[in-house]
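Geometric and topological summary
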Amino acid sequence: MILTQRLGRGLLAGASALALALLPAGLAPTTAAAAPADSTPAGSAPAGSAPGAPAGDGSGPTPVDLTTTRAFADTFRLDPAQDTDPLYGLNVGLDARQSPPAGQHGISYTRVSGRWDTSTAPDQWFVQTSHPDHPDRLLFAKGVSAIMLGAPAVADGTGHYTVSTVVDPVVGDTGGADWGSIVLSRSHRGNGYVTGGDVDLGLTVTSGGKLALFHGGGGENPFWTGTVAPTAQYAVSLTVSTGADRAVTLTVNGTPFTVSAPAGVTRWPGSEFLYLGAYLSDPNRVTTFGDGAGHGLNVSRIDTSATRSAKPFVDTFDGAPNATADHGLNQDLAARQPSLISANYTAVSGVKGLALDPPAGSVQVNSPAHPNVLSFPKGTSAVRLDKPATSDVQSGAYTVHAVLTPVVGSTSGQDWASLAVGNASGGTGAVDAEDIALGLRVQADGGLTLFQGGTPTALPAVPPAGSYEVSAALATGDRQRATVRVNGTTVFSGRTAAKLPRDGYVSLGAHHSAAGQVTTADDLRVSMLGGLGYYGFFDIRDPNEPNFSANHAPEVAQWTNFNNYLRDQDPRLEFLDQCRPPA
């Protein structure tokens, strides 16, 4: 679940069994108090600081904003003269077509197969923008294909997102069964076909006005069907509610339909990649999207931080199967982690010095009681991300972000959730452990304690809230400074006492003391992950000018392990559209 949705509405407490662990006295929840005089880092604010006055000397790095979102609109307006080989207009002139905010760029598309039987995308010219015969529209030709928008749709503060477009499923026909499609999938690795196993919600609109909604895994059988009067084109608006109502509101040419999710869907995910596609049984027919007058494709909100790239790392915790041995912890990672990098977790005790696995079910993802979040329903426990956060070469810093709910349904009391960065790849996730270089404990009542190498420092409290958005920026190397923000307020900024690691292991933890209490964490983001097993250059063989298939693999072999071609028989797949100069 994404940040805007998570903070935009409260969660109801769910009944859960609780197994209490014995805690060292130093970890038991206490009201934030002044740190021992001999252990307070230089520049830290003493206990009792005025609310809003951050600890530290103000010299910490600025956290990277890892949660940027905005509305999206693509008019598909493009000079038809630019619909040429090899891009055929798809990713040409994006800034002019989409008018992104100052300092941002247009969002590109990726061609995918649109089929059920292959993941290989068809030739480039199967999908074009502003073909001379269909100017200012997105065109699908020659059978079956699809495209994916490079940034996911995300829910707003009300828990909704909307996709709208105008589709002509078969140009020149109003009575056939061929269709255009809108597909929502948590996975950026999908084929874009409406019944694919990765599909959360798929809509087909036939040229004859028949409508159908699909959910992945349901085969060719839709969970809802409807009809509208046949016409040359269909103005479609699809609104998804990620709340408990599980509603889908579909409007086609002004006719509204309200549909409930199928029984297998506890909540619709809060983050979805968008695919547009076409199924044409006659290769001489075409499908278009957009009305040619400026209404092309609109999305109420997209997550511009979680684009299909290697960083940042993002885990939405959405939609993972929970009925597994690990209760969803490491399930469906490729779908719920929308960036190109995925990472596993290890469930740990969350208790200093206790190198034991927590009781089964202590850590869960997408449980029925707490969908689309990471939850801790059994006392004290933690999870550790198996790949470390790592410093960006240019800045020497990295940022870690999460949304913590110490006690679901409560804004009082001293039970807590924690976000920590440690030196040890095998740590217990305990925020007060000596291997934790920087850790923040957030109480349900807004009390805050900073830990550095096992030493606590009380920070100014923030106003009580159901959930707390936490961002921590760590500058490593010679700088050794950090900044911590909670719900937009800087609570610490300055030099740190403990040495900050260049590669830091991130952990999320929880402690609550009463039966039925549950802690959740959500929207984990890391500016960059280390521990990767590959490195090198992408465009070492390019079939087009000016390289004309020149092979540079031998020249770069000493620096890269990208010197083997996975699909040497298919030259189209040996380069990436995204590596070309920006439009």
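This one's a predicted model, so the numbers in the text were calculated from it and none came from an experiment.

Right, let's get into the overall build of the protein chain. In terms of helices and strands, the protein chain carries four helices and 35 strands. Out of the 583 residues belonging to the protein chain, those deemed buried represent 54%. Pairs at least 24 apart in sequence give 69% of the contacts found in the protein chain among residues at least 6 apart. Only carbon and sulfur atoms are counted for the fraction: they give 53% of the accessible area of the protein chain, which is about 22,300 Å².

In this section: the nonpolar core. L374, V400, L404, L440, V506, L508 and L524 are the most contacted members of the largest nonpolar core, which totals 47 residues. Discounting chain neighbours no more than four positions away, the residues touching L524 are F313, V314, D315, F317, Y345, V400, H401, A402, V506 and L508. Core analysis: the next-biggest nonpolar cluster, separate from the first, contains 46 residues, F72, Y161, L203 and L213 among them.

On to the environment of V299. Inspection of the secondary structure assignment puts V299 in strand β17 (residues 297-303). Here V299 falls in the buried class, since its relative accessible area comes to 4%. In sequence terms V299 and A153 are 146 residues apart; their C-alpha atoms lie 6.7 Å from each other. Not counting chain neighbours up to four residues away, the residues in contact with V299 comprise A71, F72, L149, A153, T162, V163 and L274.

On to the pairing of strand β28 (residues 455-459). Relative to β28, strand β27 (residues 448-452) is paired through five bridges, and the arrangement is antiparallel. Within β28, the position partnered with L448 by the bridge is L459. Here β27 hands over to β28 after two residues, with G453 in that stretch at a positive phi of 60°.

Let us look at unusual backbone geometry. The omega angle of the peptide bond from D85 to P86 is 10°, so this bond is cis rather than trans. If you trace the backbone, P86 turns up in the loop between β1 (69-74) and α2 (94-98). In this structure, F317 takes a positive phi of about 60° despite not being glycine. For F317, the location among the structural elements is in the loop between β18 (313-315) and α3 (333-336). According to the relative accessible area criterion, F317 is buried, its value standing at 0%. The backbone phi angle of D332 is positive, close to 55°, even though this residue is not glycine. Among the structural elements, D332 can be located in the loop between β18 and α3.

For the structure on display, the rule yields 10 salt bridges. Within this structure, R186, D200 and D332 form a network of salt bridges that share partners.

Attention now goes to the side chain of N191. By the element assignment, N191 lies in the loop between β8 (179-185) and β9 (199-206). A polar side-chain atom of N191 sits 3.2 Å from the main-chain carbonyl oxygen of T118. Filtering out sequence-adjacent residues up to four positions away, N191 remains in contact with V112, S113, G114, R115, T118, S119 and A146.

This part takes up the packing of aromatic side chains. If you walk through the whole model with that rule in mind, you get eight aromatic pairs. Ring centres 5.3 Å apart and planes at 25° place the aromatic pair W179 and Y279 in the stacked group. With a gap of 100 residues between them, W179 in strand β8 and Y279 in strand β15 (residues 271-279) connect regions that are remote in the sequence. For W179, a relative accessible area of 13% translates into the label buried. Aromatic side chains F317 and Y345 sit 6.2 Å apart centroid to centroid with 40° between the ring planes, which places their arrangement in the tilted category.

Turning next to the confidence of the model for the protein chain. Residues of the protein chain with pLDDT of at least 70 account for 82%, and the chain-wide mean is 86. pLDDT under 50 marks residues 6-50. Its contacts with residues more than four places away, or in other chains, come to 100 contacts. Low confidence marks residues 534-538, where pLDDT is under 50. Its contacts with residues over four positions away, or in another chain, come to 16 contacts.

With eight of its eight residues buried, β9 lies for the most part within the structure. Taken together, the seven bridges between β8 and β9 define a ladder with antiparallel strand orientation. Its bridge partner being in β9, W179 is matched across the sheet by T206. When β9 meets strand β10 (residues 210-214), the two strands line up antiparallel, connected through four bridges. Residue pairing in the sheet places L203 in a bridge with L213 of β10.

For the rest of this paragraph, the subject is the environment of G453. In this fold, G453 is placed in the loop between β27 and β28. Taking the relative accessible area as the measure of exposure, G453 reaches 27% and is therefore partly exposed. A C-alpha to C-alpha distance of 8.0 Å links G453 and A497, two positions 44 residues apart in sequence. When residues no more than four places from it in sequence are discounted, the contact partners of G453 are A433, E434, I436, A437 and A498.

Before going further, it helps to spend a moment on the environment of K499. Structurally, the position occupied by K499 is in the loop between β31 (489-495) and β32 (503-511). Classification of K499 as exposed rests on a relative accessible area of 60%. Taking the C-alpha atoms as reference, K499 lies 10.0 Å from G422; in sequence the two are 77 residues apart.

Calculation notes
Residues numbered from 1 in each chain as written. Predicted model: local features only at pLDDT ≥ 70, side-chain atom pairs only at ≥ 80, totals over all residues. Heavy atoms only, no water. Helix = DSSP H or I, 4+ residues; strand = E, 2+ residues; numbered from the N terminus. Buried < 20%, exposed > 50% of the residue type's maximum accessible area, 1.4 Å probe, protein only. Contact = heavy atoms within 4.5 Å. Areas by Shrake-Rupley, 256 points an atom, 1.4 Å probe, with all protein chains shown as cover. Core = buried A, V, L, I, M, F, W, Y, C linked by side-chain atoms within 4.5 Å. Pairing = 2+ DSSP bridges. Salt bridge = Lys/Arg side-chain N within 4 Å of Asp/Glu carboxyl O. Polar contact = N/O pair within 3.5 Å; in protein donor to acceptor, adjacent residues only side chain to side chain. Phe/Tyr/Trp six-rings, centres within 6.5 Å; stacked < 30°, edge-to-face > 60°. pLDDT = per-residue confidence, 0-100.

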